[in-house]
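Here is what each chain is made of, one letter per residue.
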Amino acid sequence: MRTKILVCALAAACSTAVAAQTLSPEAERLMSAAKAQGMQITPEQAERLAERQRQMVGQLGAMGLMTAAPSAQPVQPAAAAEMSEAQLGTEVRKAKAGNVSLEGTTDMRLVVGGRKYVDPEGELANVAADAERNGATFLVGRGASRPVKFVALSDISAPVVVGRLSQRGGGFVFEGRTGVRIAGDKFITLPDGIALWRDDALFLYRYGTPVASHALPEGYYPADYQHGDVGGTGVLLLRRDQRGESANAGALRAAKSLFSMVGVGRKNASDFSLFDTRSGKLTPLAIENLGQDGEPLLDQVGQPSKSHYFWRVQWMQLGTRRLAVHRAKSMQQLLVTDLDSGRTAVAFDRGLGITSWTFMPDGRGSGRLVANWMMQDHAIDDLSAWFDGAPEIKNG
């Protein structure tokens, strides 16, 4: 409500005479949404809100995944190879790693040490960057077929074209310079590679190494949105396959999920699990399956859609440790789980609920976890050090 009042006040204060301009699709949708709610916002305000949405999605790890029909094929050789995997590996790793900052980086913008990377071929999309791995991968330009580039963060003046991603036959195909060809229903860029998957398999390609193929467990399929380091951890978010259930069964499940959210009935839902491709282990999460894959990540004014599963879990590689931060007991607890040992600790616990949280890696094997409620931040400045001394809880 406060944001709505602010937007209306800004609109009233601005001149109604606006020069003709071309709005981005995101800004057009925001203007339509505002009009439907009886608000008037200017094109400039709509563009600013659209940029805020893009920044928020990027800052919290959204990768802009695209969904397509399940017509994918497994890895196949391309017609020709320009270089070997060993040659590509040497090219992308020739720059020495340095201590760099990624502050300001989003899924559509790469900022290294305060310097924005600009590509001569077009705007960036699906940016995935990691200071510890000294790399970033992104798509360039628009259209059904786009170049995929890698750049070392310690030398952003020398990007490397690693391949091309195309939409074909209702799916996505990545064709690399080494001759590798991968097809899948969905994709995600990685700081040092790219991943594609379909309902029953995941394909991970890290530049300079062969494609790793992983069969997924029966009864689950990959969630559309992956809020974690898939490439570094080898972990993928899966959701229980209930797509073929009857209408009555679906209604009963939805009712149980709603009761669980207000503290009635089951306490530990397991409709979502983190799947470790290295060990085959499933780590259940207390996240209810409310059929939210098709819903937007952000609401109409650019704030996170709190009911969406995307905002309830994030996993990361911190040095040699793989951790997952996730909500439990609906919105009341924020837990941290070691994905190797299974040990879980409570980071924050508030009976009236936690409004939001973010994790910011420091590029040195740890990071800062911040939870917010009552308009105040509550922080764990060194998550790795805190977890070492935190008491374990059972059945978290």
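Residues numbered from 1 in each chain as written. Predicted model: local features only at pLDDT ≥ 70, side-chain atom pairs only at ≥ 80, totals over all residues. Heavy atoms only, no water.

**A few points about helix H4 (residues 85-92)**
Glu-85, Leu-88, Gly-89 and Val-92 are the residues of H4 that are buried. Along the long axis of H4, the arc covered by the buried residues comes to 100°, so they all point the same way. Residues of H4 that are exposed and point more than 90 degrees away from the buried face comprise Ala-86 and Thr-90. In the core, the buried residues of H4 are packed alongside strand S6 (145-151), strand S7 (160-168), strand S9 (180-184) and strand S12 (201-206). (Buried < 20%, exposed > 50% of the residue type's maximum accessible area, 1.4 Å probe, protein only. Helix = DSSP H or I, 4+ residues; strand = E, 2+ residues; numbered from the N terminus. Arc of directions from axis to C-beta. Contact = heavy atoms within 4.5 Å.)

**Description of the pattern of salt bridges**
By the definition in use, this model includes 18 salt bridges. A salt bridge links Lys-149 to Glu-121, with the nearest nitrogen and oxygen atoms 2.9 Å apart. Of this pair, Lys-149 sits in strand S6 while Glu-121 sits in the loop between strand S3 (115-116) and strand S4 (124-130), placing them 28 residues apart in sequence. By relative accessible area, which is 5% here, Lys-149 ends up buried. Among the ionic pairs, Arg-181 bridges to Glu-175, the shortest N-O distance being 4.0 Å. Assessed through its relative accessible area of 24%, Glu-175 is described here as partly exposed. Beyond isolated ion pairs, a larger network of salt bridges with shared partners links Asp-130, Arg-133, Asp-192, Arg-206 and Asp-229. (Salt bridge = Lys/Arg side-chain N within 4 Å of Asp/Glu carboxyl O.)

**Considering the confidence of the model for the protein chain**
Predicted confidence across the protein chain gives a mean pLDDT of 80, with 76% of residues reaching 70 or more. Within the protein chain, S6 carries the highest mean pLDDT (97), whereas helix H1 (residues 2-13) carries the lowest (39). With pLDDT under 50 throughout, residues 1-20 is counted as low confidence; its partners more than four residues away or in other chains account for 16 contacts. This model gives residues 59-77 a pLDDT under 50, and the stretch forms 64 contacts once residues within four places in sequence are excluded. (pLDDT = per-residue confidence, 0-100.)

**Observations concerning the pairing of strand S20 (residues 333-338)**
Summarising burial for S20: six of the six residues are buried, a large majority. Of the pairings in the sheet, the one linking strand S19 (residues 321-328) to S20 comprises six bridges and is antiparallel in character. Bridge pairing in S20 places Ala-328 opposite Gln-333. Taking the residues that link successive antiparallel strands as the turn, the S19-S20 hairpin has four residues, and the phi of Lys-329 there is positive, at about 50°. (Pairing = 2+ DSSP bridges.)

**With respect to the sheet that holds S20**
The strand order across the open sheet formed by four strands is S18-S19-S20-S21, and the pairing between neighbours is antiparallel. Of all strands in the sheet, those with a lone pairing partner are strand S18 (313-318) and strand S21 (344-349), marking the two edges. The average angle at which neighbouring strand axes cross in this sheet is 20°, direction not considered. (Axes fitted to C-alpha atoms, helices over the stretch in contact; angles between N-to-C directions.)

**With respect to the side chain of Ser-366**
Mapped onto the secondary structure, Ser-366 falls in the loop between strand S22 (356-361) and strand S23 (367-373). With relative accessibility at 5%, the residue Ser-366 sits in the buried group. A distance of 3.3 Å separates a polar atom in the side chain of Ser-366 from the backbone nitrogen of Leu-383. In contact with Ser-366, other than residues within four places in its own chain, are Leu-318, Phe-359, Pro-361, Asp-382, Leu-383 and Ser-384. (Polar contact = N/O pair within 3.5 Å; in protein donor to acceptor, adjacent residues only side chain to side chain.)

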